[in-house]
Amino acid sequence: VRVVESGGGLVQPGGSLRLSCAASGFTLSTSLMSWYRQAPGKEREVVAVITSAGDSTNYAASVKGRFTISRDNGKNTVYLQMNSLKSEDTAVYYCKASHLLGYTYWGQGTQVTVSS
C-alpha cells in the first residue's frame, strides 16, 4: 500500500505545475485526499482537501483561486493544479490518503521550487 507523488520541479513565478498522486494497494475512492506542503524551517500545512466522491473541496487561504484539487477515481489518482505560482509556494508537497477505516497513508513528497 502506498501513494506516490510526481510532477514537481522548478518553475518561474507566475508559472504552473500539475502534481499527481497515484495510489496502489488500495482504492482511492474510499479515502478523503489531501495535499500538504512543508517549506524549509516551517511546519507542514494543509493546502487542499477533496472528499472521496469529489463533490466537495477546501483550500488554504493562501492558495485559494490559484490551486485546484481534483481526483480521477478510475485512475486511482488525485491531482493538484497549481497556477500563478509564487516564490512562497516553494516547498515539498505531500499527498495524504485518509481511508474511511481510519488508516492514513502519506507519500514521500515532491519538491516544488518557484524561482526566476
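Shown above is the structure to which this text applies.
Treat the numbers as computed from the prediction; the structure is a model and nothing was measured.

The four strands are arranged E1-E3-E8-E7 in an open sheet whose pairing can be described as antiparallel. Edge strands, defined here as strands with exactly one partner in the open sheet, are strand E1 (2–6) and strand E7 (67–72). Going across the sheet, the axis of each strand differs from the next one's by a mean of 15 degrees, ignoring polarity. Bridging between E1 and strand E3 (residues 17–24) involves five bridges; their strand directions are antiparallel. Counted as the bridge partner of Val3 is Ala23 from E3.

Once that is clear, we can look at the packing of aromatic side chains. Considering all chains together, one arrives at three aromatic pairs under this definition. Three or more aromatic residues joined by ring pairs form one cluster here, namely Tyr36, Tyr94 and Trp106. One cation-aromatic arrangement involves Arg44 over Tyr94; the distance from NZ or CZ to the ring centre is 3.7 Å. Taking the ring centre of Trp106 as reference, the NZ or CZ of Arg44 above it sits at 4.7 Å.

Calculation rules
Along every chain, residues carry numbers that run from 1 in the direction the sequence is written. Per-residue local features of the predicted model are confined to residues with pLDDT of at least 70, and side-chain atom pairs are confined, for both listing and counting, to 80 or more; whole-chain, interface and lining totals are unaffected and use all residues. To obtain the side-chain values, all non-hydrogen atoms of the structure were included, while hydrogens and water were left out. Strand pairing is assigned whenever DSSP identifies at least 2 bridges connecting the two strands. Only runs of H or I of at least four residues qualify as helices and only runs of E of at least two qualify as strands under DSSP, and these elements are numbered from the N terminus. The axes used here are C-alpha line fits, helices contributing only the stretch in contact, and every angle between their N-to-C directions lies in the interval 0 to 180 degrees. For this analysis, a ring pair means two rings from Phe, Tyr or Trp (six-membered ring only for Trp) whose centres lie within 6.5 Å, classed as stacked if their planes differ by under 30 degrees, edge-to-face if by over 60, and tilted for the remaining angles. Over a ring means this: the NZ of a Lys or the CZ of an Arg is within 6 Å of the ring centre and within 35 degrees of the ring normal.

Coordinates in, geometry out; function isn't part of it.
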